[in-house]
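In case you want the letters, here they are:
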Amino acid sequence: MVAITDQVKNRLTIETNQIASDTMAIRSLDWDRDRFDIEFGLQNGTTYNSFIIRGEKNALVDTSHAKFRQLYLDTLWGLIKPTEIDYLIISHTEPDHSGLVKDIIELAPEVTVVGAKVAIQFLENLTHIPFKKQIVKNGDQLDLGNGHVLDFVSAPNLHWPDTIFSYDRQTQTLFTCDAFGMHYCSDKTYDEKLSDIEADYKFYYECLMAPNARSVLNAMKKMKALGEINTIATGHGPLLRHNLVELTNRYEEWSKAKSKAETTVAVFYTSDYGYSDRLSQAIAHGITKTGVAVEMMDLKASDPQEVRELVEMAKGIVVGAPPTTGVAASSAETAISTILAAANKKQAFGLFESGGGDDLSIYPLANQFQELGLKQAFPNILIKETPSELTYKLCEEAGTDAGQLLTLKETIKQMKSLDDDLDKALGRLSGGLYIITATKGEVSSAMLASWVVQASFQPLGVSIAVAKDRAIEALMQVGDRFVLNVLREDNYQRLMRHFLKRFPPGADRFAGVNTQTAKNGSPILSDALAYLECEVASRMEASDHWLIYATVDNGRVSDSDILPAVHHRRVGNHY
């Protein structure tokens, strides 16, 4: 069944499908959304998935985004009377999955809300209406009858602290909410064609799960004790069935690689306060781009002993300003005191405001860290208004700066470890000099490149190696457009020096540079010899770089008598 709104610009639809015995999926499809929570760019929309399990008792697993309110409720009424829902299982309380919880409780006042302790506490503050509740923890069960026994798995930080998985033994279906999901909107219920979804699957992992790699591994260890799983019913994107083993193996492989990192940064935030969780995720994503591991901890639900252990093992500490009053204030104050007591002068720190209107001032906190001898990894991030795409990009770049600072000595050590003869031989590979420029929404970026070659004739294509920790990498996902500016032999020094500068987080890369706008929206450097308008067709991971293959749509040469600049190196251990 498909229900459709009359809107064309922002197309919203609902699809329902029976995915297992007595189990129905309600998929809310947001076809045209090209951003998700601002900080993560999308090309393929997103979905919000909800599920009905019928036994002697009936359960609704998660709801939907508030934007789908009428569509979702009308669809639900067509499938089951709300008063026949006995349990409302909350996988986690992020608004895109719990946006209609209050509506369900009002329609089914006798329903029992099932969730982790933290989830129930949040919903009580969110709904402001009484409701029946059942707090579950890892290993607990709920028998719906007719063989549908649900086993609950505690999976904190995937990607919220209150996340639980639910496993139906009868259908061997695991309901995971965000974990193993992706922002990919399609009328296909399942992961039928791996090549269609794998880029979005990896991008989603890198943005939301990579900063919690150890938590991913802990959750997957618990999953293995459940028995056979033939379907993973995710909260976003297609359900995993056809490629379930391959895709879960990738999660495990990626997470093991992340968790082996020798350097870890502890990121502390306050869930459900201001923009703390979103900002912290953007910073954490920037950190992980440098190969540094991240451990995230919610100040509102933190145990002092766990805080101390985390700080003592971390080489970097990032703290988001918690509220000074309210439910979270007391636990946050204790956590901050514990962080300061456990910190040492060999560490680096970073601070950001949460924009909640009641933030603890980060200036005295910065002074306290500095008095302890810690080095500041990036300038204080101030939030005075609703964060924009530029704000989240600033946070990501700040995280990258922190990761690069913490790995600087190791990077230099690795450069020096290369065999001298091999180093010099590799350095004899020459290349051109190019400036890659890109614009996506409000965000623009640029970088100097030399690892660029033509890669195909039909279609015309080029390949570019982009280091994972480059700021522009986030603007070069599959489907993104950019401009490849070719520098000229007789006048490349000024542009090269400008784009070789180390820009502070959020800085305008194009200040003082003459530009024009290409047809694809990206900047053309007016002083370049030539330019090519490109679109990313595919990406291949190559250790510390992404190998980008892009098709060429348009181009022009400003002076056919001038040769392009050539870049000669003496060694191969750096650019």
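Residues numbered from 1 in each chain as written. Predicted model: local features only at pLDDT ≥ 70, side-chain atom pairs only at ≥ 80, totals over all residues. Heavy atoms only, no water.

**Q** It is not clear to me how the packing of helix H9 (residues 304-313) against helix H10 (residues 327-342) should be interpreted in this structure. Could you clarify?
**A** Helix-helix packing is characterised by the crossing angle of the two axes and by the distance between the axes. The contact between H9 and H10 brings their axes to 9 Å, and the two run at 35°. Note on packing geometry: the crossing formed by H9 with H10 is right-handed. Residues Pro304, Val307, Arg308, Val311 and Glu312 of H9 touch H10, and the partners they reach there are Thr334, Ala335, Thr338, Ile339, Ala341 and Ala342. Grouping the amino acids of the contact of H9 with H10 by side-chain chemistry returns seven nonpolar, two polar and two charged. (Axes fitted to C-alpha atoms, helices over the stretch in contact; angles between N-to-C directions. Helix = DSSP H or I, 4+ residues; strand = E, 2+ residues; numbered from the N terminus. Left-handed = near helix turned anticlockwise from the far one by under 90°. Contact = heavy atoms within 4.5 Å. Nonpolar A, V, L, I, M, F, W, Y, C, P; charged D, E, K, R; others polar.)

**Q** How should the layout of surface pockets be read in this particular structure?
**A** Where empty space is left can be seen by rolling a probe of water-molecule size over the atoms. Volume-wise, the second largest pocket comes out at about 680 Å³. Every residue lining the second largest pocket is counted, 28 residues in all, and those nearest its centre are Pro156, Asn157, Ser215, Met297 and Glu306. Elements represented by at least two residues in the lining of the second largest pocket include exactly helix H4 (117-127), helix H6 (213-224), strand S17 (293-298) and H9. Counting residues per element, the lining of the second largest pocket draws most heavily on H6, at five residues. Considering only residue class, the lining of the second largest pocket consists of 12 nonpolar, six polar and 10 charged. (1 Å grid on protein atoms, 1.4 Å probe; cavity = no way out; pocket = protein on both sides within 12 Å on 5 of 7 lines; lining within 4 Å. Points joined across faces, edges and corners; volume = space filled by probe spheres on them.)

**Q** What's the story with the nonpolar core in this structure? I'm lost.
**A** One recurring pattern in soluble globular proteins is that nonpolar side chains are buried together. Counting 32 residues, the largest nonpolar core has Phe165, Phe180, Tyr201, Met209, Met223, Leu240 and Tyr251 as the members making the most contacts within it. Mapped by element, the contributors of at least two residues to this core are strand S13 (164-168), helix H5 (194-209), H6 and helix H7 (244-259). If you tally residues by element for this core, the top one is H5, at nine residues. Setting aside its immediate chain neighbours within four residues, Leu240 contacts Phe180, Met182, Asp191, Tyr201, Asn230, Thr231, Ile232, Thr234 and Leu247. (Core = buried A, V, L, I, M, F, W, Y, C linked by side-chain atoms within 4.5 Å. Buried < 20%, exposed > 50% of the residue type's maximum accessible area, 1.4 Å probe, protein only.)

**Q** What exactly am I supposed to notice about unusual backbone geometry here?
**A** Residues other than glycine predominantly adopt negative phi, and peptide bonds predominantly adopt the trans conformation. Note the cis peptide between Leu158 and His159, where omega equals -5°. Looking at the secondary structure, you find His159 in the loop between strand S12 (149-154) and S13. Cis geometry is adopted by the peptide bond preceding Pro459, which originates at Gln458 and carries an omega value of -5°. Examined against the element boundaries, Pro459 turns out to sit in the loop between strand S24 (452-456) and strand S25 (461-467). Of note in this structure, His128 is not a glycine but carries a positive phi near 60°. Among the secondary structure elements, His128 is positioned in the loop between H4 and strand S10 (132-135). For His128, a relative accessible area of 65% gives the class exposed. Of note, Phe180 is a non-glycine position whose phi angle comes to about 70°, a positive value. Here Phe180 is to be found in the loop between strand S14 (173-177) and H5.

**Q** Any chance you could explain the environment of Pro238 here in plain terms?
**A** Among the secondary structure elements, Pro238 is positioned in the loop between strand S15 (231-234) and H7. Its relative accessible area of 3% is what places Pro238 among the buried residues. Look past the residues within four positions of Pro238 in its chain and what remains in contact with it is Arg27, Met182, Tyr184, Lys188, Thr189, Tyr190, Asp191 and Ile197.

**Q** Before we go on, may I ask you to explain the confidence of the model for the protein in this structure?
**A** Atomic detail in the predicted coordinates should be set aside for any region of low pLDDT. Chain-level statistics for the protein give a pLDDT mean of 92 and a share of 96% at 70 or above. The low-confidence segment residues 1-8 (pLDDT under 50) makes 18 contacts with residues lying over four places distant or belonging to another chain. (pLDDT = per-residue confidence, 0-100.)

**Q** Mind showing me how you'd approach the side chain of Glu533 here?
**A** Tracing the chain through its elements places Glu533 in strand S29 (residues 530-542). Buried within the structure, Glu533 lacks any salt-bridge partner; its nearest side chain of opposite charge belongs to Lys519, at an N-O separation of 6.0 Å. Only 3.1 Å separates the side chain of Glu533 from the backbone nitrogen of Asn520, close enough to count as a polar contact. If near-sequence neighbours (up to four positions away) are discounted, Glu533 is found in contact with Phe482, Val483, Ala518, Lys519, Asn520, Thr551, Val552, Asp553 and Asn554. (Lys, Arg positive; Asp, Glu negative; His and termini not counted. Salt bridge = Lys/Arg side-chain N within 4 Å of Asp/Glu carboxyl O. Polar contact = N/O pair within 3.5 Å; in protein donor to acceptor, adjacent residues only side chain to side chain.)

**Q** Could you clarify how one ought to interpret the pattern of salt bridges in this entry?
**A** A pair can form between side chains of opposite charge whenever their charged atoms are brought close. Evaluated as defined, the whole model comprises 32 salt bridges. Note that Arg69 and Asp103 form a salt bridge whose closest N and O atoms lie 3.0 Å from each other. With a gap of 34 residues between them, Arg69 in helix H1 (residues 69-79) and Asp103 in helix H3 (residues 101-107) connect regions that are remote in the sequence. For Arg69, a relative accessible area of 35% gives the class partly exposed. Judged by relative accessible area, Asp103 falls into the buried class, the value being 14%. Taking the shortest distance from any N to any O, the salt bridge between Lys440 and Asp480 comes out at 3.1 Å. Of this pair, Lys440 sits in strand S22 (residues 434-440) while Asp480 is found in the loop between S25 and strand S26 (481-486), placing the two residues 40 residues apart along the sequence. Each of Lys202, Glu206, Lys258, Lys468 and Glu541 takes part in a single network of salt bridges with overlapping partners.

**Q** Would you explain helix H8 (residues 276-288) in this entry?
**A** Each α-helix turn comprises 3.6 residues. Residues three or four places apart therefore point the same way. Compared with an ideal rise of 1.5 Å per residue, which puts 13 residues at 18 Å, H8 spans 18 Å between its outermost C-alpha atoms and is within 8% of the ideal. The element H8 is extensively covered by neighbouring structure, given that 13 of its 13 residues are classed as buried. (Expected span 1.5 Å × (residues − 1).)

**Q** What am I meant to see in the pairing of S22 here?
**A** Regular strands place their side chains on alternate faces of the sheet. Of all seven residues that make up S22, six are buried, and the element is covered over most of its length. One ladder, built from seven bridges, connects S22 with strand S23 (residues 443-449); its direction is antiparallel. The residue of S23 that forms the bridge with Tyr434 is Ala449. The antiparallel hairpin formed by S22 and S23 contains two residues in its connecting segment, where Gly441 sits at a positive phi of about 65°. (Pairing = 2+ DSSP bridges.)

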